[in-house]
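Given next are the chains, with one letter for each unit.
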Amino acid sequence: RLEAVGPSLSPDDFVDRCIELAGPLGVGDETRASLVGHAAAEGELRFDTEDERKASAERVARILQLIVAVPEYQMA
């Protein structure tokens, strides 16, 4: 679903779309900033090559794990 958006996603868009994928929840500004900081450490999410798609799939899995671990998700 993320790859359908385009050849790349900024860290902000990456986090926002993963939050949407995790379910209908809102996260606080501090939590979102932390998630974006984590995503930004590796740059844009890219889908141009097979290697980039594999690396992006791993990054998506990691960020989703972080999202479901945040208090906002746990208390939902």
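Before reading on, note that the structure itself is shown above.
Rules of the game
Residues numbered from 1 in each chain as written. Predicted model: local features only at pLDDT ≥ 70, side-chain atom pairs only at ≥ 80, totals over all residues. Heavy atoms only, no water. Helix = DSSP H or I, 4+ residues; strand = E, 2+ residues; numbered from the N terminus. Rg over C-alpha atoms; globule rule 2.2 N^0.38 Å. Salt bridge = Lys/Arg side-chain N within 4 Å of Asp/Glu carboxyl O. Buried < 20%, exposed > 50% of the residue type's maximum accessible area, 1.4 Å probe, protein only. Axes fitted to C-alpha atoms, helices over the stretch in contact; angles between N-to-C directions. Left-handed = near helix turned anticlockwise from the far one by under 90°. Contact = heavy atoms within 4.5 Å. Nonpolar A, V, L, I, M, F, W, Y, C, P; charged D, E, K, R; others polar. Core = buried A, V, L, I, M, F, W, Y, C linked by side-chain atoms within 4.5 Å.

Student: Would you explain the overall build of the protein in this entry?
Tutor: When its secondary structure is counted, the protein shows four helices and two strands. Sequence-ordered secondary structure for the protein, helices as α and strands as β, is β-α-α-β-α-α. At 12 Å, the protein has a C-alpha radius of gyration in line with the 11 Å of a compact globule built from 76 residues. Projected onto its principal axes, the C-alpha coordinates of the protein cover approximately 40 × 20 × 15 Å.

Student: Would you explain the environment of D16 in this entry?
Tutor: Along the chain, D16 falls in helix α1 (residues 11-22). C-alpha of D16 to C-alpha of V36: the two residues are 20 residues apart in sequence and 8.8 Å apart in space.

Student: Help me understand the pattern of salt bridges, please; the structure alone is not making it clear to me.
Tutor: In a structure, side chains of opposite charge can pair up when their charged atoms sit close to one another. As enumerated under the stated definition, the model contains eight salt bridges in all. Two residues, R46 and D48, come together in a salt bridge whose shortest N-O distance is 2.4 Å. On the basis of relative accessibility, which here comes to 30%, the residue R46 falls in the partly exposed class. The network of salt bridges with common partners includes E44, R46, D48 and E52.

Student: How do you make sense of the packing of α1 against helix α3 (residues 50-69) when you look at a structure like this?
Tutor: In a packed pair of helices, the relevant descriptors are the angle between the two axes and the axis-to-axis distance. Packing of α1 against α3 leaves a shortest axis separation of 10 Å and a crossing angle of 65°. Crossing angle aside, the handedness with which α1 passes α3 is right-handed. For the pair α1 and α3, contact is made by F14, V15, C18, I19 and A22 and by R59, V60, I63, L64 and I67, respectively. Split by residue class, the contact of α1 with α3 holds nine nonpolar, no polar and one charged.

Student: Looking at this structure, I do not really get the nonpolar core. What am I missing?
Tutor: Side chains that are nonpolar tend, in soluble globular proteins, to be buried together. Ranked by internal contacts, the top residues of the largest apolar core, which has 17 residues, are L2, F14, V15, C18, L45 and I63. Looking at which element gives the most residues to this core, the answer is α1, with four residues. If sequence neighbours within four positions are ignored, L2 has contacts with L9, F14, R17, C18, L21, L45, F47 and V60.

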